[in-house]
Amino acid sequence: MEKIVRQALLYDFYGELLTEHQKSVYSDIVLNDLSYSEVARDEGISRQGVFDLVKRCDKILEDYESKLKLVEKFMETKERVSRIHELATDLKSMTDRDQLTEKINEIEEISRAIYESY
C-alpha cells in the first residue's frame, strides 16, 4: 500500500488517540499535504521538530495497528465486498442453474466470513 494512503488510513482509524498537537501536525503533513517548513512556521517549532513528531506519530499509529488490526480488517472486508459485487453483477446475466448456485454459494461464504470476523 502506498505510504501516504497507509498513513491516512491509520490516521482515520487511530488519529483520535493522538494528542491535539500530534493530530494538528500529522494531519497538516499527511492529509493537507503541507511542507515540513510550513507546518514548522505555523506551529512555532523547528522543521526537524515537525519531522520527528511525524515519525513518532507514524510509529504510534503503526503500534496501534499491530495490536488492533483495524486497517487490515477494513481492507480485507473491502476486498470481500468488492468480490460480492462482482458475483452479483455476474448473476444478472447467468441462466445456467448450476453456475447460479455456485455464485450464490460463494456470496454466502464470503458474507459469512465477513460476519464472523467481527
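Look up: the structure comes first, before these words.
Residues numbered from 1 in each chain as written. Predicted model: local features only at pLDDT ≥ 70, side-chain atom pairs only at ≥ 80, totals over all residues. Heavy atoms only, no water.

J.: In this structure, what is going on with the packing of helix H1 (residues 3-14) against helix H4 (residues 47-68)? I would like to understand it.
T.: Each packed pair of helices is defined by two parameters, the angle between the axes and the distance between the axes. Here H1 crosses H4 at 70 degrees, and the two axes come no closer than 10 Å. Considered as vectors, H1 and H4 are oriented roughly perpendicular to each other. Taking contact as the criterion, the partners of Lys3, Arg6, Gln7, Leu10, Tyr11 and Tyr14 in H1 are, on H4, Asp58, Leu61, Glu62, Tyr64, Glu65 and Leu68. (Axes fitted to C-alpha atoms, helices over the stretch in contact; angles between N-to-C directions. Helix = DSSP H or I, 4+ residues; strand = E, 2+ residues; numbered from the N terminus. Parallel < 35°, antiparallel > 145°, perpendicular 65-115°, else oblique. Contact = heavy atoms within 4.5 Å.)

J.: I tried to follow the side chain of Thr77 on my own but got confused; where do I start?
T.: Counting through the fold element by element, Thr77 comes out in helix H5 (residues 70-92). Owing to a relative accessible area of 15%, Thr77 belongs among the buried residues under this scheme. The residues contacting Thr77, other than those within four sequence positions of it, are Ile114 and Tyr118. (Buried < 20%, exposed > 50% of the residue type's maximum accessible area, 1.4 Å probe, protein only.)

J.: Mind showing me how you'd approach helix H2 (residues 20-30) here?
T.: For an α-helix, the turn length of 3.6 residues means that residues three or four places apart are oriented alike. Within H2, eight of the 11 residues are buried, which leaves the element mostly enclosed by the surrounding structure. Of all the positions in H2, only Gln22, Lys23, Val25, Tyr26, Ser27, Asp28, Ile29 and Val30 are classed as buried. Close packing links the buried residues of H2 with H1, helix H3 (36-43) and H4.

J.: Looking at this model, I keep getting lost on unusual backbone geometry. Mind explaining?
T.: Excluding glycine, residues mostly carry a negative phi; peptide bonds, for their part, are mostly trans. If you check the backbone angles, Asp33 has positive phi at about 55 degrees while not being a glycine. With respect to the element layout, Asp33 can be found in the loop between H2 and H3. For Lys69, which is not glycine, the phi torsion reads 60 degrees and is therefore positive.

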